[in-house]
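What the coordinates show
Residues per chain, in single letters:
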Amino acid sequence: MKHLGTLTLETDRLLLRKTLESDYEPMFENWAGDGRVTKYLTWAPYESAEQLKNTYHQYLLESQKKKDFYDWKIVLKESGEPIGSIGVVKLREDIEEVEIGYCLGFEWWHLGIMSEAFGRVIRFLFEQVGVNRIAAVHDPNNPHSGDVMKKCGLRYEGTSRQSGKNMQGICDESRYAVLKDEYFQSCE
């Protein structure tokens, strides 16, 4: 793999970019402070923008200096405001695999935004970084997340019983993945 870090990516409607110093307030307002968004995630909603700023936001600003760190804010071009995030949550150099995690503000659900963002991230990771495998997992009680994975070309590989934990407690995890060869075959 050729690590490039979080480069700016673009689609018709979206700009995917690094975290900015000023992002903590819209992050809190648009998704990180909303229990509907974090219901099936591994972290609780933040209680205030200040709490977010002093913890996770600071971690992102420091981590994005590394070439093997990938985390994008999803920004609607029409508003210029971040409405969600997508990034690599696990990286395995030995098999050239990344696992993707994502979340999107409730107001923007079911508009194809996450599929558009994930599709662009997949393209970048296969074509520029050179990963061999892109995976993602979701709680089966959140089937819309699995729909995004399927729409982006990931195949269902199975469900591991009680193998994860999220804000609902111990949960099953449905795993999806796409391989480099499959991706390039679909581009022909």
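Residues numbered from 1 in each chain as written. Predicted model: local features only at pLDDT ≥ 70, side-chain atom pairs only at ≥ 80, totals over all residues. Heavy atoms only, no water.

Quick word on the pattern of salt bridges
The full count for this structure, using the stated rule, is 13 salt bridges. Where Lys-65 meets Glu-62, a salt bridge forms, and the shortest distance between an N and an O atom there is 3.3 Å. Take Lys-65: its relative accessible area is 59%, and that puts it in the exposed class. On the basis of relative accessible area, Glu-62 is assigned to the partly exposed category, the value being 44%. The salt bridge involving Glu-157 is made with Arg-133; its shortest N-O contact spans 2.8 Å. Separated by 24 residues along the polypeptide, Glu-157 in strand E7 (residues 155-166) and Arg-133 in strand E6 (residues 133-138) bring together distant segments of the chain. Among the charged side chains, a network of salt bridges with common partners joins Glu-97, Arg-133 and Glu-157. (Salt bridge = Lys/Arg side-chain N within 4 Å of Asp/Glu carboxyl O. Buried < 20%, exposed > 50% of the residue type's maximum accessible area, 1.4 Å probe, protein only. Helix = DSSP H or I, 4+ residues; strand = E, 2+ residues; numbered from the N terminus.)

Details of the pairing of E6
A large share of E6 lies buried, amounting to five of its six residues. Of the strand pairs in this sheet, strand E5 (residues 97-104) and E6 are connected by three bridges, and their pairing is parallel. Note on E6: the bridge partner recorded for Val-98 is Ile-134. With helix H4 (residues 113-129) bridging E5 and its parallel neighbour E6, the resulting β-α-β unit is right-handed. Across six bridges, the pairing between E6 and strand E8 (residues 169-179) is antiparallel. Its bridge partner being in E8, Ala-136 is matched across the sheet by Tyr-176. (Pairing = 2+ DSSP bridges. Right-handed = clockwise from strand over helix to strand, strands pointing away.)

Here we look at the environment of Pro-140
Structurally, Pro-140 is set in the loop between E6 and helix H5 (143-151). Those residues in contact with Pro-140 that sit more than four places away from it in its chain are Thr-159, Asp-172, Glu-173 and Ser-174. (Contact = heavy atoms within 4.5 Å.)

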